[in-house]
Protein chains: 2
Amino acid sequence: MTEGTKGLIFIGDGMGGRPMSEIDGRTTIEAADTPAMDRIAREGACGMMDPIAPGRAAGSDTSHMALLGYEPERYYRGRGPFEARGVGIEVRPGDVAFRCNFATVDGRTVVDRRAGRISQEDDIEQIVAAVRDNIETIEDVQVIFKPSVEHRAALVLRGEGLSHEISEVDPHSPGVEYWESRPLDDADDPEAAEKTARILNEFVGRVHEVLDDLEVNRRRGEIWERQKNGATDDEEIIMPANIVLPRGAGTAVQLEPLKQRYGLNAAMIVEVDLVRGLGEYLDMNVIEVEGATGGMGTDEIAIARAVVEALEDHDFVLANIKAPDLGGHDGDCEAKIAAIEKVDRAMDHVLNYLDFSNTTMVITADHATPCSVMDHAGDSLPIAFFGRGTCPDDVSSFGERACSRGIMGHIRGMQIMDVLLNMMGRGDKFGA
Amino acid sequence: MTEGTKGLIFIGDGMGGRPMSEIDGRTTIEAADTPAMDRIAREGACGMMDPIAPGRAAGSDTSHMALLGYEPERYYRGRGPFEARGVGIEVRPGDVAFRCNFATVDGRTVVDRRAGRISQEDDIEQIVAAVRDNIETIEDVQVIFKPSVEHRAALVLRGEGLSHEISEVDPHSPGVEYWESRPLDDADDPEAAEKTARILNEFVGRVHEVLDDLEVNRRRGEIWERQKNGATDDEEIIMPANIVLPRGAGTAVQLEPLKQRYGLNAAMIVEVDLVRGLGEYLDMNVIEVEGATGGMGTDEIAIARAVVEALEDHDFVLANIKAPDLGGHDGDCEAKIAAIEKVDRAMDHVLNYLDFSNTTMVITADHATPCSVMDHAGDSLPIAFFGRGTCPDDVSSFGERACSRGIMGHIRGMQIMDVLLNMMGRGDKFGA
């Protein structure tokens, strides 16, 4: 075991892709101008990485769990707890946690699942306050509700005899009615599932009643009417956020702190509450960076600076830039390429400011979000290890096809921490 | 989840091989002229595939189970049930099923394990009728016996207190006495195993009595005597089929239907009862093709046409051409190369008639049957994915060494369905 060495995992969120004819049969990583990542590939050890297993599409949550060595098949309990923890709600054993969207409905019909990606902070504040003031408990269950960024929020139900084994409320597409939650057929505790579904449906109904009538939503509704009729040239779409749609029910997660598992004093620098929640569960030092917006306009240099700084007093940092994933979800190749070039600029900064005689760095993605799929896909992802303890191969650029010829072969997400610790000189010997 | 996309797995049975000096150190795939498969490799995503795990030789049954995503270690219950189901015998819980050969014995000594690969249908009919008429039950156990193709047949024992944990009767080589079946030492239910072995030995003895005396066999014996003495120039060897040698005892298999597991409306187009039986267990639409003989002379274009047609009203097809395996078992490089070129002609047809903007195709083998081994071997197999959702690499021909440099790396049989579904846009996301 070597003291004093450093490790960095840098994730370009959803950065993996597929060949697209509109960019000459290249993937977005291949098409992007990425001198820093190409140097990392050229001087480092490359390979392909499957976050879960070949062909299996991972969520950001399950993928980051695997990348940090916590087996998702064993530990994953749904997205809700991570989202809730990410916004600062402690999820206790027995709680059921949900991620939520502010949405726009007409009667029961979903008009927009994100209330026009509501981002007006003053409005959100009033909407959240109305929910909180009016719905503190339902039956004997405490209701804890907190906003995240934009249209996102988290809900925790706390009380006796609750279960996460209930069906979704959010229908995941507009133009249809939102669903009644029901106990799952194979629920372990049908009575608890029945109670939880009932309370959740009551919550959704009461939220709608409270919000539909709210002054701020009446005003937003009027703007929306004018926008629909083309009577304005507003850049932002304003819709009433007159309901909350919960999904991803999950229970408290029991994860061994990262420090305890690996002996690493660790920090996390990420832009999404979901992954931040995982960091909180792992007792990592979750560092906020000014200018890290989680959007296309995020300040990647501020993130890179924070990474370099964090490695001064931590052994290990996991960092994630969200932007590439957004381009992939929107099916916007150009935006995704620009986002990947943002990641590259962050890597350039990191290359210039870290001491790689002492530091091992990994650059990869948490999953593919191909522009042709507009959702997560199960494709293998390029990965490159750089710096201390690596065995450089003859791959000369970073990308899907180039890295597939690298020395690391195909590895799984669950193996990355072992490989990294080995390169850092901090691995354990199995046997004597 | 994308509706309307199609998937095809095309298997060249036993197509994998090893370098042979007689074909200039090439494998049979490498030596064969395969323009269609080379195009698939050139325009597709290549790799190597281990049906079970590196170095482990698979049977056709266990390999096809894995290729379809049903873990053989968990679900395999012996070959018998597949063979029986493949010839149309329903194998019920409690039944013990066997695959059988018609064979030629002199006393207890096996002269030929396949009765000269008996193929005279009229003779087989009389032989089967004699077995059936004379042996309907043994003790309290019902005997169900049905022929398959050529020298192959299936036997099911149905009654109380039976077990598959018994030793083989077929000694697997000529020139030795056939064996008495015995309960396995570690049988879970020794009494049931004792009873089953006793009934099976009684069946074999009575079959021999019945068949040895049969008119058709006396005639076949006379021809065989003349053939042995070189007194004829018949092309076909005719031997008396005077016994049935059972092997591969197994019990009923419980497999979740393929449609239920993957949501795919699926068909199977194969030439061997064993694999057909698996298709029946999975509730796939098992399609018979006129001219698909399972032999060297099979009509590969008829098979390819049937595949194209099946994909019109199915989401997924698994197809298998048996011929390459026969060449491998016979140690006949030339025949195996000719058989591989047959598979290639089928692939050419498929390439010309399917819409690959919408369809993902996999070409591979279920196991290696190297001519130098003359049996299944555990070598890794070339695999190529072609069409929708693939990321083409720079492999330019189909074969063991060429594909080993492909983007897919080394994958396992159990991963193929996940990878294929991902390319088809029909995979599930794990996490959020």
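Calculation rules
- What you see as residue numbers is a count from 1 along each chain, following the sequence as written.
- Just so you know, chain letters begin at A and ligand numbers begin at 1, following the order they were written in.
- Totals for whole chains, interfaces and linings use every residue, but because this is a predicted model, local features are given only for residues with pLDDT of at least 70 and side-chain atom pairs only at 80 or more, for both listing and counting.
- To obtain the side-chain values, all non-hydrogen atoms of the structure were included, while hydrogens and water were left out.
- A run of H or I in DSSP becomes a helix once it reaches four residues, and a run of E becomes a strand once it reaches two; helices and strands are each numbered from the N terminus.
- Throughout, radius of gyration means the C-alpha value; the globule benchmark is 2.2 Å times the number of residues raised to the power 0.38.
- Relative accessible area decides the class of each residue, using a 1.4 Å probe on protein chains only: under 20% of the type maximum gives buried, over 50% gives exposed, and in between gives partly exposed.
- Every accessible area reported is derived by Shrake-Rupley at a probe size of 1.4 Å, with residue values counting cover from the shown protein chains alone.
- We count a salt bridge whenever a side-chain nitrogen from Lys or Arg sits within 4 Å of a carboxyl oxygen from Asp or Glu.
- Alignment of copies: least-squares fit on C-alpha atoms of residues with pLDDT of at least 70 in both copies.
- Whether two residues are in contact is decided by their heavy atoms: any pair within 4.5 Å suffices.
- By convention, the term buried area covers the 1.4 Å-probe accessible surface removed from two parts as they join, with the contributions of both added.
- Throughout this description, a polar contact denotes any pair of N or O atoms lying within 3.5 Å of each other; where both atoms belong to protein, one of them has to be capable of donating a hydrogen while the other can accept it, and for residues adjacent in sequence the pair is counted only when both atoms sit in side chains.
- Any two strands are treated as partners once DSSP identifies two or more bridges connecting them.
- Axes, fitted as lines to C-alpha atoms, cover a helix only where it is in contact. Angles between the N-to-C directions of the axes lie from 0 to 180 degrees.
- A pair of sulfur atoms, both from cysteines and within 2.5 Å, is called a disulfide here.
- Take the number of residues in a helix, subtract one, and multiply by 1.5 Å to get its expected span.

What to know about the overall build of chain A
Phase 1: A tally of helices and strands in chain A yields 15 helices and 15 strands.
Phase 2: In terms of overall size, chain A behaves like a compact globule, its C-alpha atoms giving a radius of gyration of 22 Å where 432 residues would be expected to give roughly 22 Å.
Phase 3: Structurally, chain A occupies a C-alpha span of about 65 × 55 × 35 Å along its principal axes.
Phase 4: Counting the 432 residues in chain A, one finds 61% classified as buried.
Phase 5: Of the roughly 17300 Å² of accessible surface on chain A, 42% is carried by carbon and sulfur atoms.

Thoughts on the pattern of salt bridges
Phase 1: This model, assessed by the stated rule, comprises 57 salt bridges over all chains.
Phase 2: Residues A:K322 and A:D325 are paired through a salt bridge, measuring 2.8 Å at the closest nitrogen-oxygen approach. The same class applies to A:K322 as to A:D325, namely buried.
Phase 3: Here B:E256 makes a salt bridge to B:R261, at a shortest N to O gap of 3.1 Å.
Phase 4: Accessibility expressed as a relative area gives 30% for B:E256, which makes it partly exposed.
Phase 5: Accessibility expressed as a relative area gives 27% for B:R261, which makes it partly exposed.
Phase 6: Each of A:R79, A:E83 and A:R99 takes part in salt bridges that share partners, so that together they form one network.

Considering unusual backbone geometry
Phase 1: Of note in the backbone geometry, A:R117 takes a positive phi value of approximately 50° without being a glycine.
Phase 2: Relative to the helices and strands, A:R117 is located in the loop between β5 (109-112) and α6 (121-134).
Phase 3: Phi angles above zero are rare outside glycine, and B:E139 is one such case at about 50°.
Phase 4: Assignment of secondary structure puts B:E139 in the loop between β5 (137-138) and β6 (141-147).

Here we look at the relation of the copies chain B and chain A
Think of it as a corkscrew move, a rotation about one axis and a shift along it, taking one chain copy to the other.
Phase 1: Relative to chain A, chain B is turned by 122° and slid 0.1 Å along the rotation axis, the superposed coordinates differing by an RMSD of 0.2 Å. One copy is carried onto the other by what is essentially a three-fold rotation axis.

Regarding the interface of chain B and chain A
Phase 1: Taken together, the contact between chain B and chain A spans 20 residues of the former and 31 residues of the latter.
Phase 2: Interface of chain B and chain A: buried area, both sides summed, is about 1900 Å²; carbon and sulfur atoms make up 54% of it.
Phase 3: By the criterion of area lost to chain A, the three top residues of chain B are B:N422, B:F430 and B:A432, representing 38% of everything that side buries.
Phase 4: Counting every contact that joins chain B to chain A gives 2 salt bridges.
Phase 5: Across the salt bridge formed by B:D394 and A:R405, the nearest N and O atoms sit 3.2 Å from each other.
Phase 6: For the interface between chain B and chain A, the tally reads 14 residue pairs in polar contact (both at pLDDT 80 or more).
Phase 7: Put simply, the parts of the chain that give the side of chain B that touches chain A at least two residues each are α15 (416-424) and β15 (429-430) of chain B.
Phase 8: In terms of residue count, the dominant contributor to the side of chain B that touches chain A is α15(B) (4 residues).

Considering the sheet that holds strand β2 (residues 45-50) of chain B
All names here are of chain B.
Phase 1: Spatially, β10-β9-β11-β1-β12-β13-β2-β14 is the arrangement adopted by the 8 strands of the open sheet, whose pairing is mixed. Among the strands making up the open sheet, the edge pair consists of β10 (285-286) and β14 (410-412).
Phase 2: The pairing of strand β12 (residues 359-364) with strand β13 (residues 381-387) spans 4 bridges and is classified as antiparallel. Within β13, the position partnered with M361 by the bridge is F386.
Phase 3: Across the sheet, helix α3 (residues 60-67) lies against β1 (6-12), β2 and β11 (316-321), angled at about 160° from β1, the strand it touches most.
Phase 4: Most of the contacts of helix α13 (residues 333-353) go to β1, to which it runs at about 165°, and overall it touches β1, β11, β12 and β13.

Observations regarding the side chain of B:S63
Residue and element names in this part refer to chain B.
Phase 1: For S63, the position within the fold is in helix α3.
Phase 2: A distance of 2.6 Å separates the side chain of S63 from the backbone oxygen of D366, its partner in a polar contact.
Phase 3: When near neighbours in sequence (up to four residues on either side) are disregarded, S63 contacts P51, A58 and D366.

Observations regarding the side chain of B:Q415
Phase 1: Looking at the element boundaries, B:Q415 is found in the loop between β14 and α15.
Phase 2: For B:Q415, a relative accessible area of 11% gives the class buried.
Phase 3: Ignoring anything within four residues of it in the chain, the contact list for B:Q415 reads A:P54 and A:R412.

What to know about the sheet that holds strand β12 (residues 316-321) of chain A
Two orientations exist for strands paired in a sheet by backbone hydrogen bonds: parallel and antiparallel.
All names here are of chain A.
Phase 1: Spatially, the 8 strands line up as an open sheet ordered β11-β10-β12-β1-β13-β14-β2-β15, and their pairing is mixed. Here the strands that pair on one side only, and so sit at the sheet edges, are β11 (285-286) and β15 (410-412).
Phase 2: Sheet analysis places strand β2 (residues 45-50) next to β15, joined by 3 bridges and oriented parallel. Across the sheet, M49 pairs through a bridge with I411, a residue of β15.
Phase 3: Its contacts with the sheet put helix α15 (residues 416-424) on β1 (6-12), β2, β12, β13 (359-364), β14 (381-387) and β15, and the angle it makes with β1 is roughly 140°.

Side note on the state of the cysteines
Residues and elements named next belong to chain A.
Phase 1: A complete count under the given rule lists 0 disulfides over all chains for this structure.
Phase 2: Unpaired in this structure, C403 has its nearest cysteine sulfur neighbour in C46, at a distance of 4.1 Å.
Phase 3: Take C403: its relative accessible area is 0%, and that puts it in the buried class.

Topic: helix α11 (residues 300-313) of chain A
All names here are of chain A.
Phase 1: For α11, spanning 14 residues, the distance from its first C-alpha to its last is 21 Å, which sits close to the expected 20 Å at 1.5 Å a residue.
Phase 2: Along α11, the positions that sit buried rather than exposed are E300, A302, I303, A304, A306, V307, V308, A310 and L311.
Phase 3: Contacts from the buried residues of α11 go to β1, β10 (266-269), β12 and α13 (333-353).
Phase 4: Where α11 begins, the capping side chain belongs to D299, and its oxygen is found 3.2 Å from the backbone nitrogen of I301.

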